[in-house]
Structures are given as C-alpha cells and as structure tokens.
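An overview of the molecular structure
Chain residues, written in single-letter form:
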Amino acid sequence: MAHDGSEDGHAAPLLTPRPESAVPRWWKWNMYPFACATLASMTTVLMGYNLAVMSGAELFIREDLGLTDAQTEVLTGSMNLYMLVPILAAGWAADLLGRRGTLLLASAFLVAGALSMSLGRSYAALMAARFVTSVGVGLSLVVAPVYNAEISPASTRGVLSSLLDIFINVGILLGYVSNYAFADLPVHLGWRVMYAAGVLPPVLLAAGVLAMPESPRWLAMRGRYAHARAVLSRTSDTPAEADLRLEEIKRAVSVTVVPRSRDDSGAWTELLVRPSAFVRRILICVVGLQFFQEASGIEAVVLYSPLVFKRAGMSSSDRAALGATVAVGAVKTLSILVATSLSDRLGRRPLLLASTGGVAVAMASLAASLRLGATSACLASMLAFVVAFSVGFGPLVPAYGAEILPLRLRAQGTSVGTAVGRLVCAAVSMTFISLAGAITMPGCFLLYAGVAAAAFVFVYTRLPETRGRSLEDMEVLFAK
C-alpha cells in the first residue's frame, strides 16, 4: 500500500504535489491560515492539561477523599470512555453547526468541567465533572484537526495540522507545572487549585475562535461558494491556488470517485455499512494509526510517570517525582517542533517510521532499566520515548487521518478513528496499575514495545505518502 497513487485512468488532480523547492520557507508562509489553525488547535490545551494534571492530582485526591486503587484508576481513565459520546457526535455537530460553532460549544463545556472538578467534594461528583469536561475535549479533539486540514494550503498543511499536538502537549506541560507548583499546598486545597487554574483559558479561547473564519469546505457543502472563495483567497499561497482549491472542493461536493447508491442513507452508511474498497483502505489507515498510537503506552507515561519514577527508586517524596515529570513534559513539547518543521519537507511516512521504531526501542529500554532499578537509565529512557513519540506518532496521526479522508466522510471518519483511539486509551489508563501488579511494571512497558514494533510494520506496509497533495486528490491515491 506504500505507493505514490499515480495510476492511469484517473483524472489528473488540479493541485499536483509540489517539488520540495516550491515549499515556502517559514518566513514566506501565509500567516493568516497559521493564525486560524493556531486558534483552533489551542482549544485542545485543556485536554492535555486535564490529562496531565490528574497524574499529580491523583496523589492528593486519593489521600483527601480516601479513594481505593480501583477508584483512582477509573477516575483517571474515565474521561477517555466518556469522550466516546461527544467524539461520535462531533461529526454530526461539525456538519450541522460548522467547524467554528462546534469549537465554541467545546469551549463552553471545558469551562463548566474545570469549574465542576475544582468544586467536587465526592467521588461521584468528580466522575460527573470528568464527564462534562470530556464533552468539550471530545468535540475539540475531532473538529480541530478537521478544521486545520481544511483551512491549510497544501504547502504547509503538515505544519499547520501538527499544531494540534503542540498545544495538547503545551497543556500537558502546564498540567505538570501546576502539579509541581501547588504540591506544597494543603492536601484538601492543592488539587482543587490545580483544576481551578483551567477555568480561564477556555473563556479566552472562545473569544479567539469567534475571530476565525468558517472552513471553506463546510461553506461549500452549504452552497455558500462566494464565502468559501473569500476564505480561500486569504488562506491560499496565491490567487490562482485559491481558484484551483475552490474547483477541487466543488468537484468533491458534487462528484465522487465512486458513485453512491440511491438507497445510501448517508456518510455513516458509506463509511461503516457499505464501504467501497478505497474507503475501506482509508478507514484501515485511520483506525490503525489511532489504535497503535494509544496502544504503544503514551497514556501510561502521561498519567503515571510519577509512579514510574518512584518505582525506579527516585526520592520517595511526591515533589521529586513531580519535578522529573515536568522535565519529561518539557522535552515532549519541544520535540514536537521537529515534526512541525520536517513534516512538509521529509513527508509524513518517514517521520512515522522513525517515530514508531524509536518508540519500540525506548519502551524496551525503559522496561530493562526498571527491571535493573537504574534510576538514571529510567529517566533517560522515558525522555527518549517522549522524543520518539513526539517527532511523528503524536502530531502526525490526527493530521494524516484528517487529510486522507474524503470531504463527505471527513468529520464522521475522524470521529470513528478518534473513538477507537479513546477506547484504547481508556484501556491503557484504567488497567495500568492492575496490569503492573499482574505482570510487573517492566512487563507492561515490554508489552508496549511490542505494540510499537507492530506499528512500524503497519506504517511500512499500509501508509502511502501524502505530502503536497490536495485533500481532494486523496481518493485517487487510495483508489487501487
């Protein structure tokens, strides 16, 4: 499946892949789509923050509310299960309300969730607050990558799509910093302040989202071609490219590579009930990437790194483990810049291959260092893991999925892939403590290393390169 997609018998795409010399340098970028993609991506900051802040807050919530290990696991991983409902509904919402309107709705739920979490006084109240937060996170997790892919010109789509993971990791880093900063507060107060700090950002982000234009592809789906052309004129590299992008969008809206049958009830039917061969190939790539991304153990690292460092023999104080976790978060965030700068030059596939291979090696090293009780080697392996994950696996999975899905299936297909990822994420986060007790913590990480090795094989055999192609050209790429 790793082919270039050129095949006799298919119409030539209006936007052909650009040679590397034609890809603009960062100082020649059109900054308007960059600003729009940045605002959309920033809605995911609270996802990263809520995931990471739990890694430290759980140490204090357990003591304050007297939670058991099982309750702690469920509370920690529950958001991934709760997200399934908004994730599956996000495609419908994005097509009904628009990409921008759905992101505004997500911000409202994020504010309510952060406030509810900080005020929770029982296990049941915290579980309810996690559900409210998950609605906002689920909506933004699906719609933000779709919006970024649709607003971006082909020349910088890799960079702009990877902004999503940058801001998730900014949120993760802020969560770790919050854990460390408030670790000395009284037990009953510290974790509440950690969550209360997440109330203001969504309010500010909602104001920014209001300034964004709607996706030109959504406008075209509603027959608003004049508005779509106006947006494309500001988000394309040249006026000629804006005209070509609009023509490709019109073609995607009105004509498909594989005609839909008369009794087809919609996108979900075409996607899941009666998928064509090329839709099936695309769906395998989208779902497979999401599965392997989460099954390789990233959630165990993000949520349980303080416990891992304690298991490795680090100082018994919570503050020392939280300090090491901040270092991991900082390295993870900075590493994403590598993928951001190289995805439009080297391509998605080489970075994904390097990332999956690096994750497999780093996880095996982490398992060995834990088995030997080597604290320094454990920290080094953890840092190597987050670097390997962040140069490809992290930022490129949602970006790749959003760009290969055809327009009519993009929102729903992204929902399916994200839902699979969240299910796997929930399985990892809600079983890590129990699994470590059953097969030891080194055994857990060795298992994750095997999954990452399988991911390398999957990328090598299944994924074609998409760099420089128009979104509407993806059907030709997979129509074999």
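A few points about the overall build of the chain
Within the chain one finds 22 helices and 0 strands. Put simply, the chain has 480 residues, and 58% of those count as buried. Counted over contacts in the chain with a minimum sequence separation of 6, partners at least 24 positions apart contribute 84%. Within the structure as shown, the chain displays about 17000 Å² of accessible surface, and the carbon and sulfur contribution to it stands at 68%.

Some remarks on the environment of Met212
For Met212, the position within the fold is in the loop between α9 (200-210) and α10 (216-221). Separated by 175 residues in sequence, Met212 and Ala37 have C-alpha atoms that sit 8.9 Å apart. With near-sequence residues (within four places) excluded, Met212 lies in contact with Cys36, Leu39, Ala40, Arg100, Leu103 and Tyr147.

So, the pattern of salt bridges
Throughout the structure, instances matching the rule amount to 7 salt bridges. When the shortest N-O distance is used, the salt bridge between Arg348 and Glu403 registers 3.0 Å. One end of the pair, Arg348, is in helix α17 (residues 348-372); the other, Glu403, is in helix α18 (residues 375-404), with 55 residues separating them in the sequence. Glu403 gets classed as buried once you look at its relative accessible area, which sits at 2%. Linked through salt bridges whose partners overlap, the residues forming this network are Asp95, Arg99 and Glu150.

Topic: α9
Along α9, the residues that are buried comprise Pro202, Leu205, Ala206, Gly208 and Val209. Buried residues in α9, looked at end-on, bunch into an arc of 160°, giving them a common side. In α9, the exposed residues that point more than 90 degrees away from the buried face are Leu200, Leu204, Ala207 and Leu210. Against α1 (31-42), α2 (45-65) and α5 (99-119) lie the buried residues of α9.

Brief notes about the side chain of Arg422
Residue position: Arg422 is located in helix α19 (residues 410-429). Here Arg422 is in contact with Met47, Asn80, Met83, Leu84, Ile87, Leu141 and Glu294, once residues within four sequence places are set aside.

Some thoughts on a nonpolar patch on the surface
Taken together, the side chains of Leu88, Trp268, Leu272 and Val273 make up a nonpolar region of the molecular surface, amounting to roughly 370 Å² of accessible area. Relative to the helices and strands, Leu88 resides in helix α4 (residues 84-97). The class of Leu88 is partly exposed, set by a relative accessible area of 42%.

Details of the side chain of Ser415
Looking at the element boundaries, Ser415 is found in helix α19. With a relative accessible area of 0%, Ser415 lands in the buried category.

Digging into the packing of α2 against helix α15 (residues 298-311)
Their axes nearest at 8 Å, the elements α2 and α15 cross at an angle of 25°. As far as their axial angle goes, α15 and α2 are roughly parallel. Along this stretch, α2 crosses α15, giving a crossing that reads as right-handed. Residues Leu51, Ala52, Met54, Ser55, Glu58 and Leu59 of α2 pack against Glu299, Val302, Leu303, Tyr304, Pro306 and Leu307 of α15. The class makeup of the residues in the contact of α2 with α15 is 9 nonpolar, 1 polar and 2 charged.

Observations regarding the packing of helix α7 (residues 157-181) against α18
At a minimum axis distance of 8 Å, the contact between α7 and α18 shows a crossing angle of 120°. Looking at the two axes, α7 sits oblique to α18. By crossing handedness, the relation of α7 to α18 is classed as right-handed. Packed against α7, whose contacting residues are Arg157, Ser161, Ser162, Leu164 and Asp165, the element α18 presents Gly394, Pro395, Pro398, Ala399 and Glu403 at the interface.

Topic: the nonpolar core
Soluble globular proteins tend to bury their nonpolar side chains together. By size, the foremost hydrophobic cluster in this structure holds 123 residues, and its most contacted members are Ile61, Met363, Phe385, Phe432 and Phe445. Excluding residues that lie within four positions of it along the chain, Phe445 makes contacts with Val301, Val308, Met363, Leu366, Ala367, Leu370 and Phe432. Listed in part, the 6 residues of the second largest apolar core include Ala37, Val159, Leu160 and Ile166.

So, the confidence of the model for the chain
Looking at the chain as a whole, the pLDDT averages 81, with 88% of positions reaching at least 70. Averaged pLDDT values over the elements of the chain bottom out at 68 in helix α22 (residues 474-478) and peak at 95 in helix α21 (residues 441-462). Confidence drops under a pLDDT of 50 for residues 256-265, and excluding neighbours within four residues, the segment shows 15 contacts in the predicted structure.

Overview of the packing of aromatic side chains
Scanning the entire structure with this criterion turns up 8 aromatic pairs. Ring geometry for Phe291 versus Phe292: centroids 5.2 Å apart, planes at 75°, classification edge-to-face. Taking the centre distance of 5.7 Å and the plane angle of 45° together, the rings of Phe389 and Phe393 count as tilted. One end of the pair, Phe389, and the other, Phe393, are both in helix α18, 4 residues apart, so they sit about a helical turn from each other. Phe393 matches Phe389 in its accessibility class, with the two residues each being buried. Taken together, the aromatic side chains of Tyr304, Phe432, Phe445 and Tyr448 make up a single cluster linked through ring pairs. Above the plane of the ring of Tyr32 lies Arg234, whose end atom (NZ or CZ) is 3.9 Å from the centre. One residue, Lys250, lies across the ring of Tyr225, its end atom 5.1 Å from the ring centre.

Rules of the game
- Residues numbered from 1 in each chain as written.
- Predicted model: local features only at pLDDT ≥ 70, side-chain atom pairs only at ≥ 80, totals over all residues.
- Heavy atoms only, no water.
- Helix = DSSP H or I, 4+ residues; strand = E, 2+ residues; numbered from the N terminus.
- Buried < 20%, exposed > 50% of the residue type's maximum accessible area, 1.4 Å probe, protein only.
- Contact = heavy atoms within 4.5 Å.
- Areas by Shrake-Rupley, 256 points an atom, 1.4 Å probe, with all protein chains shown as cover.
- Salt bridge = Lys/Arg side-chain N within 4 Å of Asp/Glu carboxyl O.
- Arc of directions from axis to C-beta.
- Patch = residues over 30% accessible without salt bridge, like charges linked within 9 Å, V, L, I, M, F, W, Y side chains within 5 Å.
- Axes fitted to C-alpha atoms, helices over the stretch in contact; angles between N-to-C directions.
- Parallel < 35°, antiparallel > 145°, perpendicular 65-115°, else oblique.
- Left-handed = near helix turned anticlockwise from the far one by under 90°.
- Nonpolar A, V, L, I, M, F, W, Y, C, P; charged D, E, K, R; others polar.
- Core = buried A, V, L, I, M, F, W, Y, C linked by side-chain atoms within 4.5 Å.
- pLDDT = per-residue confidence, 0-100.
- Phe/Tyr/Trp six-rings, centres within 6.5 Å; stacked < 30°, edge-to-face > 60°.
- Lys NZ or Arg CZ within 6 Å of the ring centre and 35° of its normal.

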